[in-house]
Amino acid sequence: MTTRTDALTRREQILKEAARLFAARGFHGVGVDEIGAAVGISGPGLYRHFAGKDAMLAELLVGISGRLLDGGKLRVADTEGGPDDVLSALIDGHIDFALDDRPLITLHDRELDRLRDSDRKLVRQLQRQYVELWVGVVREIHPTAPESEARIAVHAVFGLLNSTPHLGSLGRPATESLLRRLAHGAFAALSD
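Residues numbered from 1 in each chain as written. Predicted model: local features only at pLDDT ≥ 70, side-chain atom pairs only at ≥ 80, totals over all residues. Heavy atoms only, no water.

## What about the overall build of the protein chain?
Stage number 1. Along the protein chain, the regular secondary structure elements total eight helices and zero strands.
Stage number 2. Scanning the protein chain from its N terminus toward the C terminus, one meets helices and strands in the order α-α-α-α-α-α-α-α.
Stage number 3. Here the C-alpha atoms of the protein chain give a radius of gyration of 18 Å, agreeing with the 16 Å that 2.2 N^0.38 yields for 192 residues.
Stage number 4. With the C-alpha coordinates aligned to their principal axes, the bounding extent of the protein chain is approximately 55 × 35 × 30 Å.
Stage number 5. Per-residue burial over the protein chain gives 43% buried out of 192 residues.
Stage number 6. Partitioning the intrachain contacts of the protein chain with sequence separation of at least 6 by distance along the chain shows that 68% fall at a separation of at least 24.
Stage number 7. Carbon and sulfur atoms provide 53% of the accessible area of the protein chain, an area that totals close to 10200 Å².
Stage number 8. Treating the 24 positive side-chain charges of the protein chain as one cloud and the 27 negative ones as another, the clouds have centres 6 Å apart. (Helix = DSSP H or I, 4+ residues; strand = E, 2+ residues; numbered from the N terminus. Rg over C-alpha atoms; globule rule 2.2 N^0.38 Å. Buried < 20%, exposed > 50% of the residue type's maximum accessible area, 1.4 Å probe, protein only. Contact = heavy atoms within 4.5 Å. Areas by Shrake-Rupley, 256 points an atom, 1.4 Å probe, with all protein chains shown as cover. Lys, Arg positive; Asp, Glu negative; His and termini not counted. Charge placed at Lys NZ, Arg CZ, Asp CG, Glu CD.)

## As for a nonpolar patch on the surface
Stage number 1. Judged by side-chain polarity, Leu170, Leu178 and Leu182 come together as a nonpolar surface patch covering roughly 260 Å² of accessible area.
Stage number 2. Mapping Leu182 onto the fold places it in helix 8 (residues 172–188). (Patch = residues over 30% accessible without salt bridge, like charges linked within 9 Å, V, L, I, M, F, W, Y side chains within 5 Å. Salt bridge = Lys/Arg side-chain N within 4 Å of Asp/Glu carboxyl O.)

## Some details on the packing of helix 3 (residues 53–78) against helix 5 (residues 102–111)
Stage number 1. For the pair helix 3 and helix 5, interaxial distance at closest approach is 11 Å and the crossing angle is 115°. For helix 3 against helix 5, the interelement crossing comes out left-handed. Taken together, the residues of helix 5 that come into contact with helix 3 (itself represented by Leu57, Leu60, Leu61, Ile64 and Arg67) are Leu104, Leu107, His108 and Glu111.
Stage number 2. Residue composition of the contact of helix 3 with helix 5, grouped by class: six nonpolar, one polar and two charged. (Axes fitted to C-alpha atoms, helices over the stretch in contact; angles between N-to-C directions. Left-handed = near helix turned anticlockwise from the far one by under 90°. Nonpolar A, V, L, I, M, F, W, Y, C, P; charged D, E, K, R; others polar.)

## Here's the deal with the packing of aromatic side chains
Stage number 1. Overall, the coordinates contain five aromatic pairs when judged by the stated rule.
Stage number 2. Centroid distance Trp134 to Phe187: 6.2 Å. Interplanar angle 40°. Geometry classified as tilted. Residue Trp134 is found in helix 6 (residues 117–141), and its partner Phe187 is found in helix 8; the two are separated by 53 residues along the sequence. Considered together, Trp134 and Phe187 belong to a single accessibility category, that of buried residues.
Stage number 3. Joined through ring pairs, the aromatic side chains of Tyr130, Trp134, Phe158 and Phe187 make up one cluster.
Stage number 4. It is Lys53 that lies over the ring of Phe27; its NZ or CZ is 4.6 Å from the centre. (Phe/Tyr/Trp six-rings, centres within 6.5 Å; stacked < 30°, edge-to-face > 60°. Lys NZ or Arg CZ within 6 Å of the ring centre and 35° of its normal.)

## A few points about the side chain of Thr175
Stage number 1. Within the secondary structure layout, Thr175 lies in helix 8.
Stage number 2. Discounting chain neighbours no more than four positions away, the residues touching Thr175 are Leu99, Leu167 and Leu170.

## Observations regarding the UniProt feature "domain: HTH tetR-type" (unreviewed entry) in the protein chain
Stage number 1. When the UniProt feature table is mapped to this numbering, "domain: HTH tetR-type" (unreviewed entry) covers residues 8–68.
Stage number 2. Between the C-alpha atoms that bound residues 8–68 there is a distance of 19 Å. The span itself is 66% helix and 0% strand. (UniProt positions renumbered as here; feature names shortened; annotations may be inferred.)

## A word on helix 4 (residues 83–100)
Stage number 1. An ideal rise of 1.5 Å per residue puts 26 Å on 18 residues; helix 4 measures up with 25 Å between its terminal C-alpha atoms.
Stage number 2. Looking at helix 4, one finds that the buried residues are Val86, Leu87, Ala89, Leu90, Ile91, Gly93, His94, Ile95, Phe97, Ala98 and Leu99. (Expected span 1.5 Å × (residues − 1).)

## Observations concerning the pattern of salt bridges
Stage number 1. Applying the stated rule across the entire model yields 13 salt bridges.
Stage number 2. Two residues, Arg172 and Asp100, come together in a salt bridge whose shortest N-O distance is 2.4 Å. Taken together, the residues span a long stretch of sequence, with Arg172 in helix 8 and Asp100 in helix 4 at a distance of 72 residues.
Stage number 3. Each of the salt bridges in this network shares a partner with another, and the network as a whole consists of Asp96, Asp100, Arg172 and Glu176.

## Focus: the UniProt feature "DNA-binding region" (unreviewed entry) in the protein chain
Stage number 1. Under the UniProt annotation, the feature "DNA-binding region" (unreviewed entry) is placed at residues 31–50.
Stage number 2. Within the segment residues 31–50, helix and strand shares are 40% and 0% respectively, and the terminal C-alpha atoms sit 14 Å apart.

Following this line, the structure appears as structure tokens:
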């Protein structure tokens, strides 16, 4: 798993800029020449890395769904302590995603339907597995909560955390703290 301090490969640089541009102006509002210019190569030079814009979009959306699932599985496996600690680790990991990868949230909301059917189905499959990972942890903490309520709570927390592209700026630490409190509060409501 790479960290934010690792140097980005050229391919990762292209994807990062493509996500930023697609989120700002829409998939069809951005050309390969613009993406290339953003990373210091010619538009046609992008074709050494990707078959085209569609391939970039697919890699961005399938990729983030896979990274969230893999990161969630690692947190579940590596977190010491009980299910409360695991849930805290999952929340913190999703907050990092929501604050660090805001363009991908916007891109997912606007452009998921542009993916080929097979890629869109893969994104949905990975997302369902990620949700079920969370539901399992939430049910350990709240065993009397119906599974359907736990699942709704997980989706509601995702909606809350994934609202970051629409938030104002409190600064990173204050935003993290507020999102963490809100997410934990949503799950605590299952005990009411």
